[in-house]
Structure formats: C-alpha cells, structure tokens
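Survey of secondary and tertiary structure
Below are the chains, spelled out letter by letter.
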Amino acid sequence: MKPLFKPIAIAMACLGLSAPTAHAQNEADALMMGKHNLCIAAGYSYSSWDRYWEGSLKRDNANIGTFSASSIMAMLNYGIRDDLNIMVSLPYVSTKTSAGTLSGLNGLQDLSFYVKYRPVRKTFGSSQKLSVFAVAGYSAPSHNYNVDLMPVSIGMGSNVTTGRLIVDYQLSKFFATASGSYLYRSNVEIDRTAYYTTRQINSNQVQMPNAGVYQFRTGYRTPYIIAEAYVDHMRTYGGFDIRRNDMPFVSNTMNSTNVGFEGKYYLPQLRALGLHAAAWRTLEGRNVGQATGFMAGVLYTLNVAKSK
Amino acid sequence: MKKLFTYASLILLASSIAACNKDIKEYNEDFPALQPAKVDATAGNWKPLVITSTEEFNLPAPEATSSAAYQKELDDLKALSSNLTSDQREIINYWKVGSVLRWNEIMRELVAKHNLPPYQNPDGTYPIPSAANPFSYPQFPFSNPPYAARAYAYVSAAQYDALVAAWHFKYKYNRQAPYKTASGITVSVPKSDLPSYPSEDAVVAGASFEIMKLLFPADIDYIKQKAEEEKQYRMLAGVNVASDVIAGDSLGRWVARKVVARAKTDGMGAAVGNATVWKKLEDDCIAKGETPWYSLEIPKRPPMLPVFGNVKPMMFAAADVASIRPPAPPATNSEIMKKEVAEVLDFTKNASRERMRIVNYWADGVGTYTPPGHWNAIATTEFVKNQYSEVRWARNYALLNASLMDAAIVCWNTKYYYFNARPCQLDGRIKTLTGVPNFPAYISGHSTFSGAAATILAFLVPSKAKDFEDMANEASMSRMYGGIHYRSDCSEGLITGQKVGNYAVERAKIDGAN
C-alpha cells in the first residue's frame, strides 16, 4: 500500500564552535515526498556545551560558562515526482553564553536549497527494498551576518555546495541508511584586513576548508512511525587548530562525531500532521563544542494537486 | 522533469568547479619593487633616535675597486647572479619590495603569533611568560599592545639609526655599485646611484636580527633564516658584493646593540608589577572615593603591565608623562558617568551590522598584530606608494612607532593612575561585542594609539591627513560600539594621542629629513 505521504524530518547538527549550522535532516534521510505533496515543517532546536576541544585538548572556559544556541527553522519540501523532491529551508539562530561579558548574537542564518533524486528503488522478495538517492544542495547566508565573533557568531558565512549519496536498505519494518556527502565551502570575507592562522595573512578573505559528513542511521520505519538511532561524523578537510587560549576562527579544523535518536509520529486521526523530535550528543571532536541538543517540530503535508 | 534535474545538477557542478580555486590573494603581493625616487644622499646627517653619533662605529674602509680582492668578489657575483634557481628568484622577488617594509611585515606576524594571554594555573593564578625560558608555555613574550608598541618602536629605531650610520659610511667611502664598474653581472632588481658599501639590506638584516632576538627569543631560528635570506638576496640580485654585505651586517648589529642596551634599562622589566603593586592601585583608587577597576576575566587576571607607564619614552622625558596625562575621568557616581554608561548600554543593545563591522575591523585583540600593528599596516599601504629610500622608510616607521610606544606609555600611565572601571563592571547588563581588555578603561588605548598615529602620519603623508583622522575617529568609536569604553575614554584618548603624536611631528621637522 502506498502511503498518502511520506514524512520528512528536520534536525540540527553541530558543525563547529559557533551556532549549530542549520542542517536540514531530510536532505540526509532516505525519505521522499510523494508527487504534488508539499510538506511544511517548523521546528525548534537547542544545543549547548560547556566543554570544547581546543585542537585536541578538551577544556572548559570560565569566561564562556555554558554556550547555547537555539534555532527556529522553517522548511518546505515539495514532491515534483515520487522520485524527485525539492527543499528550501531557513533558520533563525540565537546564541548566548552563561558567563563572561561576551554578547550573544541572533539573526536569520543560511538559506538552503536541495534537490533530491532517487534513481534506484528495487524490491527483493516480499519485504526487502533497496533505494539509492542523490542529493545536490546549495546554501548561502541570508544576509551579511557577523562571522568574526566566534563562538557567538550565528553561522560560518560560507556558500556551501553539497553533493550527497544515500543508500537505504529496508527489511520489513527495519531499515539501515548510509550516506556520505561532500561540502564545498566557499571562502569567507571577514571585516578585518589581516588575521593569523598558522601564519599572518594580509587579506580579508579567509580560505575555508571543505568538509565531509558521513552518517549511518538505523531503526524502525512504517508510514506512521519512524524511530531511529544515528551516528554521524563531520570533518573538515584542512583548516587549523585553535592555539592555546586563542579565540576560535571560522576556518578552524572542525571535526565531530555525534550520536542521536530521532522519532516521527503521524497522528492516526489527522494523518497530514506529524510530530518530530530528536536528541543528540557529541562524543568526540576537534575545535568544536561537546554539544548536547534536542529538537522538536511539527510537519504538515498537503496535496497541492488535489487542492487545485 | 528528468532534464530539469540534469540541468540543475550541471549548473551546480559547474558553479562549484568554477569557484574551486580558493587561493587567497594578499594585498601585499602587489607591492612593487623598490625603486627610490630619491637616494637621500644626506641621510648620513639625519638625527638618529638612540645612538649619539654615526662615527662611534668604526666601519673600516672597503678595498679599492681596483684591488684583486674586489675583482675576485666581482667574479663571484657574476657567477652567483646568473643561472638563478626558482627558489632564488622567489627570494629576490620577496625582498626587492623593500627591506624595511618586509621586516615590518615580519614584526606584525610575530606580534600576532605571540599575542595570546596565558592560560591560568590550576590554582587560579596566572603564569607570567619568562624571557629566560621563552620556549616553554607560556611562551615569551605575550605581545600585548604595550609590549608590541615598544617592540615595533625598538625595531624601527634600530633600523633607522643603523641606516643613518650606513648612509654616513656609504658617502664617506663612496664605493659604487658593482654593476657600475663591471660588466657581466646579471642585475635582477632596479639599479640605483646609491654607493653600495655597506649594503643597506645587510644593515637592516643585521640590526633586525640583533634587536628581534631580544624581543622574540622563541623565534630566533625564523628571524635568523630571514636575515640570512636577505643578505643572500643582495648578492643573488647582483647588487652587492660579499664585503658590502659583511660590513652592513656588522654595522647593523653594532647599532642595534645600542638599542638593545636601551631596551634592557627602559623600565620594562618592572612593568608587570607584583601583588603589592596591584593591591596598592586598588587601595589608592578607593582612597580617592572611586570604584576601582577589577578584572572581568574568570579567574581574575592581574592587570596588564600596570607599571608600563613608567617605561622611558622615545620622544620626551619620563618626567613629561605626568604633564601629558589627561585630567581625571568623570567620577563613578557623577551624572556624566551615568549618562556615559547608559550610552554604552544603548550601543550594545542596538548593535547594527555596520557598527559590528567597525568593531571587528578595529578589534585588533587576541591573536592579532594589535592596534600599533594595524597602524603600521595602514602606514605601509600609504608609504609603499611613495618609493622612499630605505633610510626614509625606516625614518617614517621610526617616527610612527616611537609615537605609538609613547602613546602606550602615556595611556598606561593614565589607566593605572586613575584605575577606573570598565562599562560592564558598572552595569552588568552591558554585554560586549569584542573582548574586554584586562586593564582599566580610562583612557582608551585604541584612541590614544590612533590619535598619535594619525597625527604623525598626517605630517608624513599630508595628502591623506583627512583619511587618517577619519580612521582614528572610527577606531576610537569602535570601542564604544563594542561596549568596552565610555565616550570620555575615547575623546580624551584621541586628544592625548594627538599630543603624543605632535612630539614626533616636532622632531620630524628638525631631524634633517625634510
């Protein structure tokens, strides 16, 4: 039986010491909106850390106390066809420190656009299914926000071009999804004319290392309930370590390994409405905070063709 | 539909590949080769800053150009200057932009590298970097703004005095450049009528090495490598024979040792103070009925270089500092102070992106070349348009950096004389958009540095006077926008800086270089 709609999800993942880079989870999952279905999603997420890795050294910082970032995200996901979706998202991010004198910052972060295509879907026997997805994405700062006040900056200020490949295997109601993506991150312009990385650089342009995100998810999936656990690893290719007692910087090396749980539930009485929640924790990292976070959101799906 | 997706993917792919070259172009890559408009032939008579006379260095006369020894040097030079490797060409292309300019860039890099406050000890006290043990954590130095201002000043003074001495001997012995008397030398940089003995580049390399190893002892290998490279460059480029270089190196070092001697007795050694000094500053302030400054860092960090205000200035006597020091700031409980606190709170609550840009542009905080370094960078981009001789480059930096060091001395003297609180100490609602410096507020260091720099730079490059003044005003305001200074800190800082800068202007009028 083909369900009326397929759920989408949003979550926040943390890349870096700054505010969690808004990360549209549904570009990384193995789910698609059906043809002419539009999903409108809204979510709130919160993550915080009181310890971080300065290079490989784990430390606290009494002048930051607990760093926290909260975010409100709006997202649209439209099914052009059953095997071709487009998505747009934009988060509003606020950052705060609990100690010290540093101000928090807030504002609209990066506008993201994704195209998700499913070239392969094969069914084996009565209960096995293998799908392959390809995702292309582009995100850009919605405005010229302040990137040079890490860790309280709301984002990295880079234009990111993403390519992702997802393989999903489903056996009855259990599934496993593996994905890998490469993030081409454009250089960033800062407000200063010189800065020090591992040497003095006389420019306002900052060379940004590219990044990769690798993820494995597994769990239970029906058209109405999804419960899953995941582990992901994000890393930059290049960058440099924060020096002893220095401030973090936008082009630092930023690596992290995170684990999380995520669930979606669609109301039997009102199948267009879904509830969505997730929680995660950073296990290991480099130049990132050891974040603990959660999100909660709602999903509402409508069939655009039908309403015409 | 499939086509649409294919096209979209292709566009994305193409745009990302087009943008794949991420190499940064630095603004100093475009600086032209130095080709001085004037040789400044009388610079041997310019007034030096630290040394008393150029004749106190007994630089021996060079061999005659007709001598066998010199002819041998010419043959070596012919061989060396032809068939350059690409590495050797790179060395030439780096140094040909100008010796004094490049050492200024190296200084800015070392200041930025070492401008990191030490991390606290487990018991909440802070370690103090030790010149006797520069390699272990915390590395010596912590090149904070006063340290940096003094370091830039001494390097510039050593280079300037050494070049004045070099010019003296150049015209005393008047040995022409090798390419003037011999053919067959491949010359890779602009030619000049300047006598070549001693080599001005070797003078600067020797002087820089000698003073910088005192200031940045942990980087001695790097400094040495640069100095050796520069001396090599003059021969690779076919413009100095070995004896020009050896004489220049010796002269540069001799002169710099005089500056080292000054640096060792200028009072810097006592600038850190001790627990008794720190306590007394607080007690004296309370005795005046004012709210004393305290460190806003956790754990509380001892104040930055509280006795730096007693360091011996460059352009006036230590006894003059008190007369330049501005009058007291508004009392903590005064109506004016309440208004000024409210103004800072308002700036931080209503921070626009443009104000944040100004805060960031002028922040020059942890991990940067500091405000004195920023003004050196600003000066460099102007100086480089004017094709100065090396000695004039050095003189202009020396005037600028002497002003900045004196500005640091007067400013620090003022800060610890009044010892007043930062805005977020008086009103906890004030959250800052840049780091809060760990020393009292009055007067603003940025404002004092900028007032001094803009004043002397306006004299040196009059066509840009208005720009320098605008920059100084913006630098000053940035500290209010950032939430770390009151208006009176900034306005009095600018005025005080201008007073300091005027000492350099008065000297510049009579140093023989006009």
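Residues numbered from 1 in each chain as written. Chains lettered and ligands numbered in written order. Predicted model: local features only at pLDDT ≥ 70, side-chain atom pairs only at ≥ 80, totals over all residues. Heavy atoms only, no water.

Brief notes about the overall build of chain A
Basically, it comes down to this: We count a stretch as a helix when DSSP gives it H or I for four or more residues in a row; a strand needs E for two or more, and each element gets its number in order from the N terminus. Computation of the radius of gyration draws on C-alpha atoms, with the globule rule given as 2.2 Å multiplied by the number of residues to the power 0.38. Burial status follows relative accessibility: with a 1.4 Å probe on protein chains alone, a residue under 20% of its type maximum counts as buried, one over 50% as exposed, and anything between as partly exposed. Working rule for contacts: check all heavy atoms of both residues, and any pair within 4.5 Å makes them a contact. Only the protein chains shown count as cover for residues, and the accessible areas themselves come from Shrake-Rupley with a 1.4 Å probe.
The number of helices and strands found in chain A is one helix and 21 strands. Here the C-alpha atoms of chain A give a radius of gyration of 20 Å, agreeing with the 19 Å that 2.2 N^0.38 yields for 308 residues. Along the three orthogonal principal directions, the C-alpha set of chain A runs to about 60 × 35 × 30 Å. A total of 308 residues make up chain A; the buried ones form 60% of that total. A fraction of 64% describes how many contacts in chain A between residues 6 or more apart in sequence connect residues 24 or more apart. Surface summary for chain A: the accessible area is close to 11500 Å², and the carbon and sulfur share equals 61%.

Section: the domain arrangement of chain B
Residues and elements named next belong to chain B. Just so we agree on the cut-off: Marked domain ranges trace back to an automatic or database domain assignment. Take a side-chain nitrogen of Lys or Arg and a carboxyl oxygen of Asp or Glu: if they are within 4 Å of each other, that pair is a salt bridge. Distance and chemistry together define a polar contact, namely a pair of N or O atoms within 3.5 Å, with one atom able to donate a hydrogen and the other to accept it when in protein, and with adjacent residues in sequence counting only for side-chain atoms on both sides.
Structurally, chain B comprises domain 1 (38-44 + 78-264) and domain 2 (274-510). Computed over C-alpha atoms, the centres of domain 1 and domain 2 are 29 Å apart. Taken residue by residue, the interface counts 40 residues in domain 1 and 41 residues in domain 2. Applying the counting criterion to the domain 1 and domain 2 interface returns one salt bridge. Our count for the contact surface shared by domain 1 and domain 2 stands at 15 residue pairs in polar contact (both at pLDDT 80 or more).

As for the packing of helix α4 (residues 99-114) of chain B against helix α5 (residues 145-173) of chain B
Residues and elements named next belong to chain B. Let me state the cut-off plainly: Lines fitted to C-alpha atoms define the axes here, with helix axes fitted over just the stretch in contact, and angles between the N-to-C directions of these axes take values from 0 to 180 degrees. Oblique is the label for any angle not under 35 degrees, not over 145, and not in the 65 to 115 range, which are roughly parallel, roughly antiparallel and roughly perpendicular in turn. The sense of a crossing depends on the near helix, which, turned anticlockwise from the far helix by less than a right angle, makes the crossing left-handed and, turned clockwise, makes it right-handed. All residues other than Ala, Val, Leu, Ile, Met, Phe, Trp, Tyr, Cys, Pro, Asp, Glu, Lys and Arg, Gly among them, are scored as polar; the first ten of these are nonpolar and the last four charged.
Following both chains from N to C, one finds α4 and α5 inclined at 160°, their axes separated by 11 Å at the closest point. Comparing the axis directions of α4 and α5 gives the class roughly antiparallel. Note on packing geometry: the crossing formed by α4 with α5 is right-handed. Along the contact surface, α4 presents V100, W103, M107, R108 and V111, while α5 presents A148, A151, Y152, V155, Q159 and L163. Here the contact of α4 with α5 is composed, by residue class, of nine nonpolar, one polar and one charged.

Things to note about helix α17 (residues 445-460) of chain B
Residue and element names in this part refer to chain B. To keep things clear, this is the line we draw: In a helix, the anticipated span is given by 1.5 Å times the number of residues less one.
Its 16 residues place the ends of α17 22 Å apart at the C-alpha level, agreeing with the 22 Å of an ideal helix rising 1.5 Å per residue. α17 sits mainly inside the fold: 14 of its 16 residues count as buried. One side-chain oxygen of the residue at the start of α17 lies 3.4 Å from the amide nitrogen of H446, identifying that residue as S444.

Structural notes on the side chain of T236 of chain A
Residue and element names in this part refer to chain A. Here T236 is to be found in strand β18 (residues 225-237). In this structure T236 comes out as buried when scored by relative accessible area, which is 1%. From its side chain, T236 meets the backbone nitrogen of M254 in a polar contact 3.0 Å long. Not counting residues within four places of it along the chain, the set of residues in contact with T236 comprises R185, P209, N210, A211, N252, T253, M254 and N255.

Focus on the pairing of strand β21 (residues 292-303) of chain A
The two faces of the sheet receive side chains in turn, since in a regular strand these alternate between them. All names here are of chain A. Here is the rule: Between any two strands, at least two bridges found by DSSP are needed for them to pair.
In this structure, strand β3 (residues 37-49) lies alongside β21, joined through 12 bridges in antiparallel fashion. When the sheet's bridge partners are listed, I40 is paired in β21 with Y300. In terms of strand pairing, strand β20 (residues 273-286) meets β21 through nine bridges, oriented antiparallel. When the bridges of β21 are listed, G274 appears paired with L299. Between the antiparallel neighbours β20 and β21 lie five residues, among them N287 with a positive phi of about 60°.

Concerning the pairing of strand β17 (residues 210-221) of chain A
Residue and element names in this part refer to chain A. Looking at chain direction, strand β12 (residues 174-185) and β17 are connected through 10 bridges and run antiparallel. The residue of β17 that forms the bridge with T177 is R217. Pairing of β17 with β18, which is carried by 12 bridges, proceeds in the antiparallel orientation. Residue pairing in the sheet places G212 in a bridge with R235 of β18.

Let's talk about the confidence of the model for chain B
Test applied: pLDDT is a residue-level measure of predictor confidence that goes from 0 to 100.
On average, residues of chain B carry a pLDDT of 96, and 96% of them reach 70 or more. On the interface metric, ipTM, the complex scores 0.94, and its pTM is 0.95.

Looking at the interface of chain A and chain B
This is how the line gets drawn: Two parts lose some accessible area (1.4 Å probe) when they are put together, and adding that loss for both gives the buried area.
Between chain A and chain B, the contact holds 48 residues from the first and 45 residues from the second. If you sort the residues of chain A by the area they bury against chain B, T101, Y184 and N202 of chain A come out on top, with a joint share of 16%. The interface formed by chain A and chain B includes two salt bridges. Across the salt bridge formed by D191 of chain A and R353 of chain B, the nearest N and O atoms sit 3.0 Å from each other. Along the contact surface separating chain A from chain B lie 19 residue pairs in polar contact (both at pLDDT 80 or more). Taken together, the elements giving at least two residues each to the side of chain A that touches chain B come down to β5 (57-60), β6 (67-81), β9 (110-124), β10 (128-141), β12, β15 (200-201) and β16 (205-206) of chain A.

What to know about the pattern of salt bridges
Tallied over the entire structure, the rule returns 48 salt bridges over all chains. Between R244 of chain A and E54 of chain A there is a salt bridge, with its nearest N and O atoms 2.6 Å apart. On the criterion of sequence distance, the pair formed by R244 of chain A in the loop between β18 and β19 (255-266) and E54 of chain A in strand β4 (residues 51-54) is long-range, its members being 190 residues apart. Accessibility expressed as a relative area gives 28% for R244 of chain A, which makes it partly exposed. As a salt-bridge pair, R357 of chain B and E354 of chain B come within 3.0 Å of each other at their nearest N and O atoms. You can see R357 of chain B and its partner E354 of chain B sitting in helix α13 (residues 353-363), three residues apart, about one turn around the helix. Overall, R357 of chain B belongs to the partly exposed group, its relative accessible area being 26%. Sharing partners across several salt bridges, the network here consists of E210, K213, E228, K231, D249, R253 and R257 of chain B.

Remarks on the packing of helix α15 (residues 390-418) of chain B against helix α19 (residues 487-510) of chain B
Residues and elements named next belong to chain B. Following both chains from N to C, one finds α15 and α19 inclined at 145°, their axes separated by 9 Å at the closest point. Every pair of crossing elements has a handedness; the one defined by α15 and α19 is right-handed. Note on element contacts: α19 touches α15 through T496, V500, G501, A504, R507 and A508, opposite R395, L399, S403, D406, A407 and V410. Within the contact of α15 with α19, the residues separate by chemical class into six nonpolar, three polar and three charged.

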